[in-house]
Amino acid sequence: MIYDITPITFNQLDLLSAGHPQGGFQQTGHMAHLAEPDVDATDLIGVTRNGVLSAGCLIAWTRGRLGLEGSIWLGPLCALDDPKLLEHMTRGIRLAARRRHAVSVTCWPNIEYQRHDAAGNPIGVPDTMILDAYRSCGWRHQGFDTGYGKVVNRWNWIRTFDGIKDERTLLASYKPRTRWSVNRAKTSGVQIRELAADDLGMFASIERKTARRRGFTARDENYYRRFKETFGSRAHFMLAEIHAGELLTRLTAEYDKLAERLDLLRTQYENHPTSRIKRQEDDITRNLTAMEHRLNEARALASRGSVIPAACALFVEHRREIVYLTAGALPEYRSYQAPALLVHEGMLRLCVNRSRMPRFNMYGITGVFNDPDDEGRGVLEFKQGFDGHAEELAGAFILPTSTIRYKLSEAAHTIKPLKEAGRGRILLTKARKPRPTSGSCTGSRPGTTVWRRATYHACSADCWPASANTGKETPLARHDSDERVINRREIKNAIAEYLYGSGYPIDVDHMGDFLFDDRMAETPEYEIRLKGE
């Protein structure tokens, strides 16, 4: 096999994504175009195998405190049955990062690690080959977690359509409560309309109100307009509206019909009283009472307008799946069950009514199934009502491409907050030079000051005195076997670059004497001890 790393075009990535089992709209040229205003740069990297494009990805670069950081959303698109393919894909990503002088690249492979049934029970065994394959190429797995992902969801709810032929069989597959909700919306005047690019103001307004209520950040109207313009007919912005005028007219007609029926039954009962007529009369009386309540609601609703927006949703179309990307609803119209009808119409129009039925990705859940107080419990129960299963992805992998800056970046995210209020000082302590012994690693070069490491490695021979781990304030440290020793000036310059870029004050001539914000924390790679002022 001959493997070549090559830049690819938007069209090449789109074709690869459309036919790849890991494909999704996040790894397309359309997504690269949409992301342009929000990132510093993008790269499209591919790997050919015997001249055929077999792997590829979109890398979006954003600027952090230490330099550019790459993100590969639900990618790279790379089969794991050929280890050499992932090896070359990783090499291409690393080369792109070095050209950009980037700190690291994070990827979220779009590969199912473990499938779970509707109750959260595992189906089969986890696919640990994913972890082994990526680790063997230098990627660092960031662990398994639950909750909503900040960048990419690790847990998703998936609906497939085996055995579904039409709307009747689709409705029959729902749970009874969800089926009732869909029918309730239909009989309550809710209708679904798809929006054009110049008609997204109400969509953005509902999303903004939903975000404020649930505590997340909403996109503005310009973003949704760009999304529609970029993805075109593949982006379906749908709005659920209550047609109050039509609802009031229909309910009034139904009420009058019931009232006429009641009058007829009363006349029959007076002429020929029977228990059957009496039961019918009582049933219609109860129905009239309920209908009168709905009429009053409809009159109040109609006073606000003849057509009232109640909920919205965005469905993104890809050859492999339809993604229920985002949604919002107004709580004052909760009883009209508009969100349930939106999802039902999305499945019906975009999946069931087509000759080829892609899967329906309802997107994020928290992955917590047994806690009624979990933040995502309501969302989980809503999605469970439409049938389906949970898909657990492997999660994030990080590929460090600049050792010093990556370790400093780790430090910034792992330093423990000061126990004392206010600001404090940190001290970078120096390690003593190692004592060379025959057959052992010698640590640093003569004359080099090495900043103390807090990590250790197992040498073939013990090159440090036995008192290294005494637990005293300034213990000795061993250097990492897989990294070169970093001298004082290198780390001094790197930390200075980091602190100047982040706005922290620093005295470059005395590394241990700079003030810092208490949100920083202790790094596992370098000893940074906190001292009170």
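These numbers were taken from a predicted model, which means no experiment stands behind them.

**Details of the packing of aromatic side chains**
(1) Moving on: In this structure the tally under the stated criterion is 18 aromatic pairs.
(2) Moving on: With 6.2 Å between their ring centres and 90° between their planes, F227 and F237 make a pair best called edge-to-face. Placement of F227 in helix α8 (residues 221-231) and of F237 in strand β11 (residues 235-243) is noted, with a sequence separation of ten residues between them. F237 shares its class with F227; the two are buried.
(3) Moving on: Of the aromatic side chains, those joined through ring pairs into one cluster are F25, F203, Y223, Y224, F227, F231 and F237.
(4) Moving on: A cation over an aromatic ring shows up here: R219 above the ring of Y223, its NZ or CZ 4.1 Å from the ring centre.
(5) Moving on: Here K278 stacks its cationic end above the ring of Y269, 5.8 Å away from the centre of that ring.

**Concerning the pairing of strand β14 (residues 359-364)**
(1) Moving on: Of all six residues in β14, six are buried, a share of seventy percent or more.
(2) Moving on: As paired strands, strand β9 (residues 155-159) and β14 are joined by three bridges and run antiparallel to one another. Bridging from a neighbouring strand, N156 pairs with G364 of β14.
(3) Moving on: Note that strand β13 (residues 321-329) and β14 share three bridges and pair parallel. Paired with V323 across the two strands is N361, which belongs to β14.
(4) Moving on: As for the winding sense of the linkage, the β-α-β connection from β13 through helix α11 (residues 338-352) to β14 is right-handed.

**Considering the layout of surface pockets**
(1) Moving on: For the second largest pocket, the calculated volume is near 790 Å³.
(2) Moving on: Along the wall of the second largest pocket there are 26 residues; nearest its centre are T106, W108, Q142, A396 and I398.
(3) Moving on: Those elements that place two or more of their residues in the lining of the second largest pocket are β4 (68-72), β5 (104-107) and α13 (403-414).
(4) Moving on: Considering every element that reaches the lining of the second largest pocket, the biggest residue donor is α13, with five residues.
(5) Moving on: Looking at side-chain class alone, the lining of the second largest pocket contains seven nonpolar, 14 polar and five charged residues.

**Some thoughts on the packing of helix α9 (residues 244-271) against helix α10 (residues 275-302)**
(1) Moving on: Where α9 meets α10, the closest approach of the two axes is 9 Å, and the angle between their N-to-C directions is 160°. Overall, the two elements α9 and α10 adopt an arrangement that is roughly antiparallel. Along this stretch, α9 crosses α10, giving a crossing that reads as left-handed.
(2) Moving on: Residues of the contact of α9 with α10, tallied by class, amount to 18 nonpolar, five polar and eight charged.

**Some points on α9**
(1) Moving on: If you check α9, its first and last C-alpha atoms are 41 Å apart, about what 28 residues at 1.5 Å a residue would give, namely 40 Å.
(2) Moving on: Here α9 has its buried residues at A244, L247, L251, L262 and L265.

Cut-offs used in this document
- Per chain, the residues get numbers from 1 upward, laid out in the order the sequence is written.
- With pLDDT at 70 or above as the cut-off, local features in this predicted model cover only qualifying residues; side-chain atom pairs require 80 or more to be listed or tallied, and sums for whole chains, interfaces and linings still use all residues.
- Processing note: side-chain calculations cover all non-hydrogen atoms of the structure and skip hydrogens and water entirely.
- Paired rings are identified among Phe, Tyr and Trp, the last through its six-membered ring, by centres lying within 6.5 Å, and are further divided according to the angle between planes into stacked (under 30 degrees), edge-to-face (over 60) and tilted (the rest).
- Helix and strand assignments follow DSSP, with helices taken as H or I runs no shorter than four residues and strands as E runs no shorter than two, numbered in order from the N terminus.
- For the exposure calls, accessible area comes from a 1.4 Å probe over protein chains only, and a residue counts as buried if that area is under 20% of its type's maximum, exposed if over 50%, partly exposed in between.
- Either the NZ atom of lysine or the CZ atom of arginine qualifies as a charge over a ring when it sits within 6 Å of the ring centre and within 35 degrees of the ring normal.
- At least two DSSP bridges between two strands are needed for those strands to be called paired.
- Seen with the strands pointing away from the viewer, any crossover whose path from the first strand over the helix to the second strand runs clockwise is right-handed.
- Think of a 1 Å grid over the protein atoms and nothing else: a 1.4 Å probe that fits but is trapped marks a cavity, an open set flanked by protein within 12 Å on at least five of seven lines marks a pocket, and residues with an atom within 4 Å of a point count as lining.
- Grid points are joined across faces, edges and corners, and a volume is the space filled by probe spheres set on the points.
- Residue polarity is assigned by list, with Asp, Glu, Lys and Arg as charged and Ala, Val, Leu, Ile, Met, Phe, Trp, Tyr, Cys and Pro as nonpolar; anything else, Gly included, falls into the polar class.
- Every axis corresponds to a line fitted to the C-alpha atoms, with the helix fit spanning only the stretch in contact, and the corresponding angles, defined between N-to-C directions, vary from 0 to 180 degrees.
- Should an angle fall under 35 degrees it is called roughly parallel, over 145 degrees roughly antiparallel, and 65 to 115 degrees roughly perpendicular, with every other angle called oblique.
- A crossing counts as left-handed when the near helix is turned anticlockwise from the far one by less than a right angle, and as right-handed when that turn is clockwise.
- One less than the number of residues in a helix, times 1.5 Å, gives the span that helix is expected to have.

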